[in-house]
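Overview (structure and organization)
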Amino acid sequence: MTFSMSDQEFAQYLDSARITGNVATPRENNLDHIQGFLDHNEHLEFGVQRAREYSWDEVFEIMVRRAGLNPDRSHTHGQDTIGSAQCIEQLREYARIFGQAVRERKRILFATGHPAGLFPIYAEMARVARAAGASVLEIEQGEHFLDGDVRQIFSVVMFEQYGNLQHTHFPGPMKIALDQLRERAQLPELVVSDHGMAGYAASTEGLLTIGIADCNDPGLFVAAEQGDLPVCVPMDDNVPPNRYEPVIDFIITEAGLEQYR
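Here goes a summary of the coordinates provided. (Residues numbered from 1 in each chain as written. Predicted model: local features only at pLDDT ≥ 70, side-chain atom pairs only at ≥ 80, totals over all residues. Heavy atoms only, no water.)

Focus on helix 5 (residues 84-103)
Here helix 5 is 20 residues long and its end C-alpha atoms lie 28 Å apart, about the 28 Å a rise of 1.5 Å per residue gives. Trailing helix 5 by a residue or two, arginine 105 shows a phi angle of about 55 degrees, which is positive. (Helix = DSSP H or I, 4+ residues; strand = E, 2+ residues; numbered from the N terminus. Expected span 1.5 Å × (residues − 1).)

What to know about unusual backbone geometry
The backbone of arginine 18 sits at a positive phi, close to 60 degrees, despite the residue not being glycine. The residue arginine 18 is located in the loop between helix 1 (7-16) and strand 1 (21-23) in this model. A positive phi angle, close to 55 degrees, is found at tyrosine 162, a residue other than glycine. Mapped onto the fold, tyrosine 162 is located in the loop between strand 7 (156-161) and strand 8 (164-166). Among the residues examined, tyrosine 162 registers a relative accessible area of 58% and is labelled exposed. (Buried < 20%, exposed > 50% of the residue type's maximum accessible area, 1.4 Å probe, protein only.)

Some words on the environment of glycine 68
Structurally, the position occupied by glycine 68 is in the loop between helix 4 (56-67) and strand 2 (80-82). Taking the C-alpha atoms as reference points, glycine 68 and aspartate 80, twelve residues apart in sequence, are found 9.1 Å from one another.

Some remarks on the packing of aromatic side chains
Counted under the stated rule, the structure contains six aromatic pairs. When the ring of phenylalanine 3 is compared with that of phenylalanine 10, the centres are 4.8 Å apart and the planes differ by 70 degrees; the resulting orientation is edge-to-face. Relative to phenylalanine 250, the ring of phenylalanine 10 lies with its centre 4.9 Å away and its plane at 20 degrees, an arrangement referred to as stacked. Here phenylalanine 10, found in helix 1, pairs with phenylalanine 250, found in helix 10 (residues 245-254); they are 240 residues apart in sequence, far enough to count as distant. Its relative accessible area of 1% is what places phenylalanine 250 among the buried residues. Among the aromatic residues, those joined into a ring-pair cluster are Phe3, Phe10 and Phe250. When the ring centre of phenylalanine 37 is taken as reference, the NZ or CZ atom of arginine 50 above it lies at 4.1 Å. (Phe/Tyr/Trp six-rings, centres within 6.5 Å; stacked < 30°, edge-to-face > 60°. Lys NZ or Arg CZ within 6 Å of the ring centre and 35° of its normal.)

Some points on the nonpolar core
If you look at the biggest cluster of nonpolar residues, it comprises 47 residues, and the most contacted ones within it are Phe98 and Phe110. Aside from chain neighbours lying at most four places away, what touches phenylalanine 110 is Phe98, Tyr122, Met125, Ala126, Ala129, Val136, Ser155, Val156, Val157 and Val192. Listed in part, the 27 residues of the second largest apolar core include Phe60, Ala67, Leu220 and Ala223. (Core = buried A, V, L, I, M, F, W, Y, C linked by side-chain atoms within 4.5 Å. Contact = heavy atoms within 4.5 Å.)

Structural notes on the side chain of arginine 50
With respect to the element layout, arginine 50 can be found in the loop between helix 3 (42-45) and helix 4. Of the polar contacts made by the side chain of arginine 50, one reaches the side chain of histidine 40; its length is 3.4 Å. Within the structure, arginine 50 has its side chain in polar contact with the side chain of glutamate 53 (distance 3.5 Å). Leaving out residues up to four positions away in the same chain, arginine 50 has contacts with Phe37, Leu38, His40, Glu45 and Gln226. (Polar contact = N/O pair within 3.5 Å; in protein donor to acceptor, adjacent residues only side chain to side chain.)

Some words on the environment of glycine 113
Structurally, glycine 113 can be placed in the loop between strand 3 (107-111) and helix 6 (119-131). Judged by relative accessible area, which is 0%, glycine 113 ranks as buried. Put simply, glycine 113 and cysteine 87 are 26 residues apart on the chain and 19 Å apart in space, counted from C-alpha to C-alpha. Not counting residues up to four positions away in its chain, the partners in contact with glycine 113 are Gln166, His167, Thr168, Asp194 and Met197.

Some remarks on the state of the cysteines
Scanning the entire structure with this criterion turns up zero disulfides. Looking at cysteine 87, it has no disulfide partner, and the nearest cysteine sulfur is the one in cysteine 232, 10 Å off. The class for cysteine 87 is buried, based on a relative accessible area of 0%. Cysteine 215 carries a free sulfur, and the closest cysteine sulfur to it, the one in cysteine 232, is 11 Å from it. Among the residues examined, cysteine 215 registers a relative accessible area of 1% and is labelled buried. (Disulfide = S-S within 2.5 Å.)

What about the side chain of threonine 168?
Among the structural elements, threonine 168 can be located in the loop between strand 8 and helix 7 (172-183). A distance of 3.1 Å separates a polar side-chain atom of threonine 168 from the backbone nitrogen of phenylalanine 170. Once you skip the residues sitting within four places of it in the chain, threonine 168 turns out to touch Gly113, Phe159, His195 and Met197.

Topic: the environment of glutamate 61
One can find glutamate 61 in helix 4. Spatially, the C-alpha atoms of glutamate 61 and glutamine 141 are 40 Å apart, while their sequence positions differ by 80 residues.

Here it is in structure tokens:
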């Protein structure tokens, strides 16, 4: 399907779907996660190697500018926001980098720490990339991580535990995948991911990575600020998956790959 909305119409859709605008993540959670990142909480660091230490005010300003958080510092509880303008701007660059990698038939790895939300975006991107001639990388599944294992479904790497696909911020599944691919001399030329898996690929491994992050995920936005991550798309990462269908259409159309859908 070809994307046909104007930027204004798309912004209105994103806000109405609560992908941007008044999102579900509460203000207090966003502010707590900024402090957790500063405190080196592994679950919130996202595998990001800091170029320097940051102050709370600096990270808050990054989140306002890059993610569209409410800039009122006295607002500490209740509703918070993601900016549709920031989302669309970053999605356009996200699609450009993806489209270029596909046209050049690069090796691409897809992975998610949010299988209940973002998985369909990556699965469709992977299908289109393969149809267009790119090399979509596959890993050996079942390697142990925590009390579960690393799986790959429709070419998307994720974490399984106790029979369920798990939401995780940890970078471990990406490390496992990249270690396998390194042994085969098949490291990706582009990583499409989120959360700790994107942070680890971009900041620790130095791989070209495009990422998606929610407004309570300061680690990836700091990675973008440092130049480790060329794109960090701000959006709610766990709305019902069908609401992302226009986002998928936008990515594929902006990438110039709609003929492969």
